[in-house]
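Letter by letter, the chains look like this.
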Amino acid sequence: YYDVLIVGAGHAGAQAAIALRQLGFEGSVAMIGDEQYPPYERPPLSKEYFAGEKTFERILIRPASFWEERNIDMLLGRRVKSVDPEGKFVTAGDAEIGYGKLIWCTGGSPRMLTCNGADAPNVHAVRRRDDVDAMMAKLDTINHVTVIGGGYIGLEAAAVLSKFGKKVVLLEALDRVLARVAGEDLSRFYEAEHRAHGVDLRTGAKMDCIEVTDGVATAVLMQDGERIETDMVIVGIGIIPETGPLVAAGAAGGNGVDVDEFCRTSLPDIYAVGDCAAHENDFARGARIRLESVQNANDQAKTAVTHILGKEEPYHAVPWFWSNQYDLKLQTVGLSTGHDQTILRGDPAARSFSVLYLRGGKLIALDCVNAVKDYVQGRAHVVSGAVLDQAQLADPAVPLKEVGL
Ligand code: FAD
């Protein structure tokens, strides 16, 4: 039995445990995780870790000794199979583990292809350390890589691989990359960058299946009959939230587990946090969404822990995110979905600019490429929701913090 049991030893789980001790909680705490490793940062898996620029030790969220020092039990390599909300226990293997409060922080599993050949051993997802280690072990012996999916993870992986000198083909089924998360200006900019770095980036690209020869993937076959020879396939087409046991126990949800402003699920004493938690987000005009970001995992974990400790502080954090590709540092703040206008600030050709997203004249989000100042100064405007002078917004000579009404 633990006073607080955390399921999932990723970003949200780690932050929940850290926050409990930071805020003075003295009860018993354990974290159950199905990976073998203590919590580590996931973003470097498609960036510095994959590129060999950071070791695994350097991407641990805390040094391995931290958890023991804080009296947080780590039950690693164990997967929670079911939850009994009446008896207040979970099952993991043969063990039943009781809880006072349960924090569900299980993230998501990579969505995989369903076509022929999708399960070949050289078809890889990018979600866990083991996924990336498996790819890295093969890199020396391969040349052609096909990346499926032009979201952040696919693009970041393509950038690392092209730096390694691999021949990369990137296939995006929609008519532009990053279509789900960014405006067209940003998509076109990144498409051009990848092409300039030698990536054969194709949009509107419809694959059919994967050709397997002697047990390994040897080509991606396209619907138009083209055969793209490949030594490895990387699939970055999104995640499916890991909510099975909670939903089976009766928790409300559809795309993720539904939570309220304190990250409570519909089941008593069970909270859900991070990629798996569907919440009504103020920056999405109250729409119920899941956010897949470190910011959201950390801030929701603090919200849940604060509530467990008896205070009501509703979740109201500004969404932010980043992506590194080549020498380009993208930082985003706010949520651009639902914008009715964009303003380009700065010159993409100079490789330092921002795309500003407005709705009804209000700045709701920024995508800043090598433009840290815009990112830092734009945040306050996104929070305040004021209608701003558009000529000033578009003028990079006027610092965003000085833009007036
Ligand atoms: P996770 O960190 O995924 O942790 C969930 C953990 O729970 C996992 O270890 C999982 O194996 C475990 N688990 C699942 N089910 C069970 C079960 N039943 N029992 C026990 N354990 C279980 N975000 C950014 O903000 N910026 C970035 O640049 C960025 N880049 C990314 C790059 C990559 C390659 C990936 C994969 C993600 C990236 N993200 C980025 C997203 C970010 O990593 C996630 O939003 C964040 O990890 C979410 O934290 P989480 O705790 O909800 O889930």
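Reading the values: the criteria
Residues numbered from 1 in each chain as written. Predicted model: local features only at pLDDT ≥ 70, side-chain atom pairs only at ≥ 80, totals over all residues. UniProt positions renumbered as here; feature names shortened; annotations may be inferred. Helix = DSSP H or I, 4+ residues; strand = E, 2+ residues; numbered from the N terminus. Rg over C-alpha atoms; globule rule 2.2 N^0.38 Å. Buried ≥ 20, exposed ≤ 12 C-beta atoms within 10 Å, placed from the backbone. Contact = placed C-beta atoms within 7 Å. Near = placed C-beta within 6 Å. Nonpolar A, V, L, I, M, F, W, Y, C, P; charged D, E, K, R; others polar. Bend = angle between axes of the 7 residues up to and from the residue. Pairing = 2+ DSSP bridges. Axes fitted to C-alpha atoms, helices over the stretch in contact; angles between N-to-C directions. Parallel < 35°, antiparallel > 145°, perpendicular 65-115°, else oblique. Left-handed = near helix turned anticlockwise from the far one by under 90°. pLDDT = per-residue confidence, 0-100. Core = buried A, V, L, I, M, F, W, Y, C linked by C-beta atoms within 7 Å.

With an unreviewed UniProt entry as reference, the protein chain is termed 3-phenylpropionate/trans-cinnamate dioxygenase ferredoxin reductase subunit, source organism Sphingobium fontiphilum. As its UniProt record puts it under Cofactor (unreviewed entry), the protein chain is described as follows: "FAD".

Colleague: Explain the overall build of the protein chain residue by residue, including any values.
Modeller: Within the protein chain, the secondary structure is distributed over nine helices and 26 strands. Since a compact globule built from 405 residues should have a radius of gyration of about 22 Å, the 22 Å found for the protein chain is in line with a globular shape. With 405 residues in all, the protein chain has 43% of them scored as buried. For the protein chain, the share of sequence-separated contacts (at least 6 apart) that also reach a separation of at least 24 residues comes to 60%.

Colleague: Give a description of the environment of Ser162 that names residues and reports values.
Modeller: Take Ser162: it is sitting in helix H4 (residues 152-163). C-alpha of Ser162 to C-alpha of Arg127: the two residues are 35 residues apart in sequence and 20 Å apart in space. Not counting the four nearest positions on each side in its chain, Ser162 is found in contact with Val168, His197, Gly198 and Val199.

Colleague: Lay out the site of the ligand in plain terms, naming residues and giving numbers.
Modeller: Residues in contact with the ligand amount to 34 residues; listed here are only the nearest, Gly8, Gly10, Arg42, Gly107 and Gly274. Within the residue set of the shell around the ligand, elements represented by two or more residues are helix H1 (11-22), strand S2 (29-33), helix H7 (294-308) and strand S22 (320-325). Considering only residue class, the shell around the ligand consists of 14 nonpolar, 12 polar and eight charged.

Colleague: Summarise helix H8 (residues 372-384); cite the residues concerned and give the values.
Modeller: Along H8, the sharpest change in direction is near 30 degrees and occurs at Gly378. Taken together, the buried positions of H8 are Asp374, Tyr375, Gly378, His381 and Val382. The inward-facing, buried residues of H8 abut strand S23 (328-334), strand S24 (341-347), strand S25 (352-359) and strand S26 (362-369). The positive-phi residue at the C-terminal boundary of H8 is Gly385, with phi of around 70 degrees.

Colleague: Requested: an account of the sheet that holds S22, with residues and values cited.
Modeller: Taken in spatial order, the five strands of this open sheet run S22-S23-S26-S25-S24, and their pairing is antiparallel. The open sheet is flanked by S22 and S24, the only strands paired with a single partner. Within this sheet the neighbouring strands show an average axis-to-axis angle of 15 degrees, counted without direction. For S22 and S23, the ladder comprises six bridges, and the chain directions are antiparallel. Counted as the bridge partner of Phe321 is Thr332 from S23.

Colleague: Could you give an account of the packing of H1 against H7, with specific residues and numbers?
Modeller: Packing of H1 against H7 leaves a shortest axis separation of 8 Å and a crossing angle of 40 degrees. Of the possible angle classes, the one that applies to H1 and H7 is oblique. Crossing handedness for the pair H1 and H7: right-handed. Here His11, Ala12, Gln15, Ala16, Ala19 and Leu20 of H1 lie close against H7, whose contacting residues are Val294, Ala297, Asn298, Gln300, Ala301, Lys302, Ala304 and Val305. Residues belonging to the contact of H1 with H7 are distributed by class as follows: nine nonpolar, four polar and one charged.

Colleague: Account for the confidence of the model for the protein chain, naming residues and giving values.
Modeller: Of the residues in the protein chain, 100% have a pLDDT of 70 or more, and the chain-wide mean is 97. For this predicted complex, the interface confidence score (ipTM) comes to 0.99, while the overall pTM stands at 0.97.

Colleague: How would you sum up the UniProt feature "domain: FAD/NAD(P)-binding" (unreviewed entry) in the protein chain? Please name residues and give values.
Modeller: Within this structure's numbering, the places UniProt gives as "domain: FAD/NAD(P)-binding" (unreviewed entry) are residues 2-301. Its end C-alpha atoms 18 Å apart, residues 2-301 is made of 22% helix and 31% strand.

Colleague: Requested: an account of the sheet that holds strand S8 (residues 123-125), with residues and values cited.
Modeller: Spatially, S8-S15-S9-S10-S11 is the arrangement adopted by the five strands of the open sheet, whose pairing is parallel. Taken across any chain shown, the strands that pair with only one partner, and hence form the sheet edges, are S8 and strand S11 (200-202). Sheet twist, expressed as the mean angle between neighbouring strand axes with direction ignored, is 20 degrees. Across three bridges, the pairing between S8 and strand S15 (residues 232-235) is parallel. Note on S15: the bridge partner recorded for Ala125 is Val235. Each of strand S9 (144-148), strand S10 (167-171) and S15 touches H4; the most contacted strand, S10, lies at about 165 degrees to it.

Colleague: Describe the nonpolar core, and please don't skip the residues or the numbers.
Modeller: If you look at the biggest cluster of nonpolar residues, it comprises 60 residues, and the most contacted ones within it are Val147, Ala157, Ala158, Val168, Leu170, Val233 and Ile234. Take this core: its biggest share by element is eight residues, from H4. Formed by 49 residues, the second largest nonpolar core is a distinct cluster that contains Cys105, Val257, Val259 and Val305.

Colleague: Describe the UniProt feature "domain: Reductase C-terminal" (unreviewed entry) in the protein chain, and please don't skip the residues or the numbers.
Modeller: The feature "domain: Reductase C-terminal" (unreviewed entry), as annotated in UniProt, sits at residues 320-403 in this numbering. Secondary structure within residues 320-403 divides into 20% helix and 43% strand; the distance between the first and last C-alpha atoms comes to 21 Å.

Colleague: Pulling in residues and values, what's your account of the pairing of S23?
Modeller: Looking down a regular strand, the side chains alternate between one sheet face and the other. With five of seven residues buried, S23 lies mostly within the body of the structure. Hairpin connection between S22 and S23: a loop of two residues separates the two successive antiparallel strands, and Tyr326 in this loop has a positive phi of roughly 55 degrees. Of the strand pairs in this sheet, S23 and S26 are connected by five bridges, and their pairing is antiparallel. Bridge pairing in S26 places Val333 opposite Leu366.

Colleague: Which residues make up the pairing of strand S13 (residues 216-222), and what are the values?
Modeller: Pairing of strand S12 (residues 207-213) with S13 involves six bridges; the strand directions are antiparallel. In the sheet register, Ile210 faces S13, and the bridge partner there is Val220. Hairpin connection between S12 and S13: a loop of two residues separates the two successive antiparallel strands, and Asp214 in this loop has a positive phi of roughly 50 degrees. Pairing geometry for S13 and strand S14 (residues 227-229), over three bridges, is antiparallel.

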